[in-house]
Amino acid sequence: MRRGIIVSFEGIDGCGKTTIVKKFYQYLLKKNYQVIVLHEPGGTKIGDRIRKILLSKNIEMSKFCELFLYLASRSQLIEEKIKKNLERGKIIILDRYIDSTFAYQGYGRNISLKFIKDLHSFIIEKKYLPNITFLIDEKPENLIEILKRKNKDRIEEESLEFQKKVRKGYLEIAKKNRRVKIIKRKSEEETFLEVIKKWEEFLNEYKRSKKLPFESKTKK
Ligand code: TYD
């Protein structure tokens, strides 16, 4: 049976992960892999509607409402997109995935990590967890200028203290999970090269393990 790979990108707001995701996607395409990029929250018709609610400003939202909406969007994405594409042997790049919920709703909003983990056990089977995760790490203080230039969404409008908690959360998650590779944010090119280095290391190990055969496929 052929099976794809799930790669997720994580980081606090403004860390530049979306730019790196685009470059990584192009890199894999050039190598003739079959790749798909998905962006959370969203990525499905229902998910895109949920995204609008989640990120709309001037709206009071309880932290549990927020948590369940992120999970609702994720559940739909898994059923509609992730399962199918993984079975087709594609590399699925996720611009945010489960770790965002632990970092933002868990560490950021102080919702029990165990509760978040338990909820995930209902919506996601082990085989749909990321094989590798890149955490683009930067101090939130260094991203203030970037965020100032953006038309901020509801979460991005949160305080510096909140972003600090989220970053701390991400670093804790990385400590606990071998799959999470911390990439210190540098220039766009340097950050990207670091991602590629870690990716190639991962891929070699992955192919060697032979547990799940994976080969570059010529695009159809
Ligand atoms: P994102 O789409 O990555 O923002 P951008 O417009 O910069 O690309 O993410 C939207 C926001 O949602 C971001 O501030 C992080 C937040 N988020 C959570 O709080 N929990 C989650 O589970 C996810 C997936 C995102």
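Residues numbered from 1 in each chain as written. Predicted model: local features only at pLDDT ≥ 70, side-chain atom pairs only at ≥ 80, totals over all residues. Heavy atoms only, no water.

So, about the site of the ligand. In the vicinity of the ligand, 17 residues are found, and the nearest of them are Asp13, His39, Arg96, Thr101 and Lys150. At a separation of 3.3 Å, an oxygen atom of the ligand approaches a polar side-chain atom of Arg74. Take Lys150: an N or O atom from its side chain is 2.8 Å from an oxygen atom of the ligand. Compared with its free state, where it exposes 550 Å², the ligand has 92% of that area covered by protein. Among the secondary structure elements, those contributing two or more residues to the shell around the ligand are helix 1 (17-30), helix 2 (45-55), helix 3 (63-87) and helix 4 (98-108). Considering every element that reaches the shell around the ligand, the biggest residue donor is helix 4, with four residues. Here the residues of the shell around the ligand sort into four nonpolar, five polar and eight charged. (Near = heavy atom within 4 Å. Polar contact = N/O pair within 3.5 Å; in protein donor to acceptor, adjacent residues only side chain to side chain. Areas by Shrake-Rupley, 256 points an atom, 1.4 Å probe, with all protein chains shown as cover. Helix = DSSP H or I, 4+ residues; strand = E, 2+ residues; numbered from the N terminus. Nonpolar A, V, L, I, M, F, W, Y, C, P; charged D, E, K, R; others polar.)

The biggest cluster of nonpolar side chains holds 50 residues, and the ones touching the most others in it are Val7, Phe9, Phe24, Leu28 and Trp199. In terms of residues, this core owes the most to one element, helix 8 (residues 188-209), which gives seven residues. Non-local contacts of Phe9, meaning those with residues more than four positions away in its chain, are made with Lys17, Ile20, Val21, Phe24, Ile93, Leu94, Asp95, Arg96, Phe134 and Val195. (Core = buried A, V, L, I, M, F, W, Y, C linked by side-chain atoms within 4.5 Å. Buried < 20%, exposed > 50% of the residue type's maximum accessible area, 1.4 Å probe, protein only. Contact = heavy atoms within 4.5 Å.)

Looking now at the sheet that holds strand 1 (residues 5-10). Read across the sheet, five strands follow the order 2-3-1-4-5 without closing on themselves; strand pairing throughout is parallel. Two strands in the sheet have a free side with no partner beyond their single neighbour: strand 2 (35-39) and strand 5 (180-184). Each adjacent strand pair in this sheet contributes to an overall mean axis angle of 20°, direction not counted. On top of the sheet, helix 1 reaches strand 1, strand 2, strand 3 (91-95) and strand 4 (132-137); it is set at about 170° to strand 3, its chief contact. Running at roughly 145° to strand 3, helix 3 makes contact with strand 1, strand 2 and strand 3 of the sheet. (Pairing = 2+ DSSP bridges. Axes fitted to C-alpha atoms, helices over the stretch in contact; angles between N-to-C directions.)

Glancing now at the packing of aromatic side chains. Applying the stated criterion to the full structure yields eleven aromatic pairs. The interplanar angle of 75° and the centroid separation of 6.1 Å between the aromatic rings of Phe64 and Phe115 together place this pair among those described as edge-to-face. Residue Phe64 is located in helix 3, and its partner Phe115 is located in helix 5 (residues 113-123); the two are separated by 51 residues in the primary sequence. Look at Tyr104 and Tyr170: their rings are 6.4 Å apart centre to centre, the planes differ by 85°, and that puts the pair in the edge-to-face class. With a gap of 66 residues between them, Tyr104 in helix 4 and Tyr170 in helix 7 (residues 160-176) connect regions that are remote in the sequence. Put simply, the rings of Phe9, Phe24, Phe134, Trp199, Phe202 and Tyr206 pair up and form one aromatic cluster. Sitting above the plane of the Phe192 ring, Lys23 keeps its charged end 5.4 Å from the centroid. (Phe/Tyr/Trp six-rings, centres within 6.5 Å; stacked < 30°, edge-to-face > 60°. Lys NZ or Arg CZ within 6 Å of the ring centre and 35° of its normal.)

For the rest of this paragraph, the subject is helix 7. Structural remark: α-helix, 3.6 residues per turn; residues separated by three or four positions point the same way. For helix 7, built from 17 residues, the straight-helix expectation of 24 Å at 1.5 Å per residue is met to within 8% by its first-to-last C-alpha distance of 25 Å. Turning to helix 7, its buried residues are Phe162, Gln163, Val166, Arg167, Gly169, Tyr170, Ile173 and Ala174. Taken around the axis of helix 7, the buried residues stretch over an arc of 155°, which confines them to a single face. Within helix 7, the exposed residues directed more than 90 degrees away from the buried face are Glu161, Lys168, Lys175 and Lys176. Packed against the buried residues of helix 7 are strand 1, helix 4, strand 4 and strand 5. (Expected span 1.5 Å × (residues − 1). Arc of directions from axis to C-beta.)

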